[in-house]
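# Geometric and topological summary
The lines below spell out each chain.
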Amino acid sequence: MKLTSDRIVDAGMAVFAETGYHGFSLRQVADRLHVHAGSLYYHVPNKAALLQLMADRVARQAYDAGTAALAQLAGHERWQARVTAQAVAVRQSIQRHPGGAILLADSPKTLSPGALSLMERLLDTLAEAGVPPEHCGTAADTVLSHVTGYALQEQSEPPAVPVTAEDVADLQRRYPRTVAAASAQHPDEKFTRSLDLLCAGIATLIP
């Protein structure tokens, strides 16, 4: 098959899922594609450029998922529902890519068009809701940072040392409220409720 940027990004995503950020290399990507590493440089000049393309893909897919989610909302939906729809779409897009949360977290630093599009649309939603201009940027950044942080926790590696039943019992005795809060809700429900809290806070900014 002809070597293309899309194929290289596909391979990069697969390698990244196995190695993570620090173990990632162009040589591993080339090996997965069964080509010499030098043949990649025509399409991607270096590792940073490939990571940028990968981050932009995750962000663009999140944007497209948000577009579909917003289209399903009735025209009279409140702004909180539109914020939630966009945030849920971002999280679901990240979940499809092991390591996607790390890539998306780095995407604004590379001026990824996909990441900038996510921010612009969320800013539009908040501005239309009446959030003052001086607060829109902070509010939008808070929402997207919360989504990324939540997904980072979900995609984190399990503890190196297995947690035993005795460990759990000890934790329940020492930190009963924390353990109860951690296990009280399904992750999806917990995520949606966290967005409700964020929106409630943002709503206080609207005159």
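Report on the accompanying structure. (Residues numbered from 1 in each chain as written. Predicted model: local features only at pLDDT ≥ 70, side-chain atom pairs only at ≥ 80, totals over all residues. Heavy atoms only, no water.)

Working definition: an aromatic ring pair is given by the centre-to-centre distance plus the angle between the planes. Taken as a whole and assessed by the stated rule, the structure comprises 2 aromatic pairs. Relative to Phe24, the ring of Phe16 has its centre 5.9 Å away and its plane inclined at 65 degrees; by these criteria the two rings are edge-to-face. Both rings, one in Tyr150 and one in Phe191, keep their centres 4.9 Å apart while their planes meet at 55 degrees; by these two values the pair is tilted. On the criterion of sequence distance, the pair formed by Tyr150 in helix α7 (residues 133–154) and Phe191 in helix α10 (residues 187–203) is long-range, its members being 41 residues apart. (Phe/Tyr/Trp six-rings, centres within 6.5 Å; stacked < 30°, edge-to-face > 60°. Helix = DSSP H or I, 4+ residues; strand = E, 2+ residues; numbered from the N terminus.)

Helices that pack against each other are described as a pair by the angle of their axes relative to one another and the distance between those axes. Where helix α4 (residues 79–95) meets α10, the axes come as close as 10 Å, and the angle between the chain directions of the two elements is 140 degrees. Considering their axes alone, α4 and α10 lie oblique with respect to each other. Relative to α10, the crossing made by α4 is right-handed. On the side of α4, the interface is formed by Trp79, Gln80, Val83, Thr84, Ala87, Val88 and Arg91, while α10 contributes Pro187, Asp188, Phe191, Leu195, Cys199, Ile202 and Ala203. In terms of residue class, the contact of α4 with α10 is made up of 10 nonpolar, 2 polar and 2 charged. (Axes fitted to C-alpha atoms, helices over the stretch in contact; angles between N-to-C directions. Parallel < 35°, antiparallel > 145°, perpendicular 65-115°, else oblique. Left-handed = near helix turned anticlockwise from the far one by under 90°. Contact = heavy atoms within 4.5 Å. Nonpolar A, V, L, I, M, F, W, Y, C, P; charged D, E, K, R; others polar.)

This part takes up the nonpolar core. Counting residues in hydrophobic clusters, the biggest one holds 48 residues, and the most contacted among them are Val29, Leu40, Leu50, Met54 and Leu126. At the level of elements, α1 (5–19), α2 (26–33), α3 (47–71), α4, α5 (100–106), α6 (113–129), α7 and α10 are the ones that each hand at least two residues to this core. Element by element, the count of residues in this core is highest for α7, at 8 residues. Dropping the residues within four chain positions of it, Val29 is found in contact with Ile8, Ala11, Gly12, Val15, Phe24, Leu40 and Leu50. (Core = buried A, V, L, I, M, F, W, Y, C linked by side-chain atoms within 4.5 Å. Buried < 20%, exposed > 50% of the residue type's maximum accessible area, 1.4 Å probe, protein only.)

It is worth spelling out α10 at this point. Look at α10: 24 Å from first C-alpha to last across 17 residues, which is about the 24 Å you get at 1.5 Å a residue. The secondary structure elements touched by the buried residues of α10 are α4, α6 and α7. (Expected span 1.5 Å × (residues − 1).)

What follows concerns the side chain of Thr84. Checked against the element boundaries, Thr84 lands in helix α4. On the basis of relative accessibility, which here comes to 16%, the residue Thr84 falls in the buried class. The contacts of Thr84, once residues within four sequence positions are left out, are Leu195 and Cys199.

Its location among the elements puts Gly149 in helix α7. Owing to a relative accessible area of 28%, Gly149 belongs among the partly exposed residues under this scheme. In the structure, Gly149 is positioned 44 residues away from Ala105 in sequence and 8.5 Å away in space, judged by C-alpha atoms.

Here the focus is the environment of Asp56. By the secondary structure assignment, Asp56 is in helix α3. Through-space distance from the C-alpha of Asp56 to that of Pro113 is 6.8 Å; in sequence the pair is 57 residues apart. Beyond its immediate chain neighbours, meaning those up to four positions away, Asp56 contacts Ser112, Pro113, Gly114 and Ala115. Separated by 2.5 Å, the side chains of Asp56 and Arg60 make a polar contact. (Polar contact = N/O pair within 3.5 Å; in protein donor to acceptor, adjacent residues only side chain to side chain.)

All chains considered together, the criterion is met by 9 salt bridges. Residue Glu18 pairs with Arg32 through a salt bridge whose shortest N-O separation is 2.7 Å. With Glu18 in helix α1 and Arg32 in helix α2, the pair connects residues that are 14 residues apart, well separated along the chain. The class of Arg32 is partly exposed, set by a relative accessible area of 36%. A salt bridge links Asp188 to Arg91; the nearest nitrogen and oxygen atoms lie 2.9 Å apart. Of this pair, Asp188 sits in helix α10 while Arg91 is found in helix α4, placing the two residues 97 residues apart along the sequence. (Salt bridge = Lys/Arg side-chain N within 4 Å of Asp/Glu carboxyl O.)

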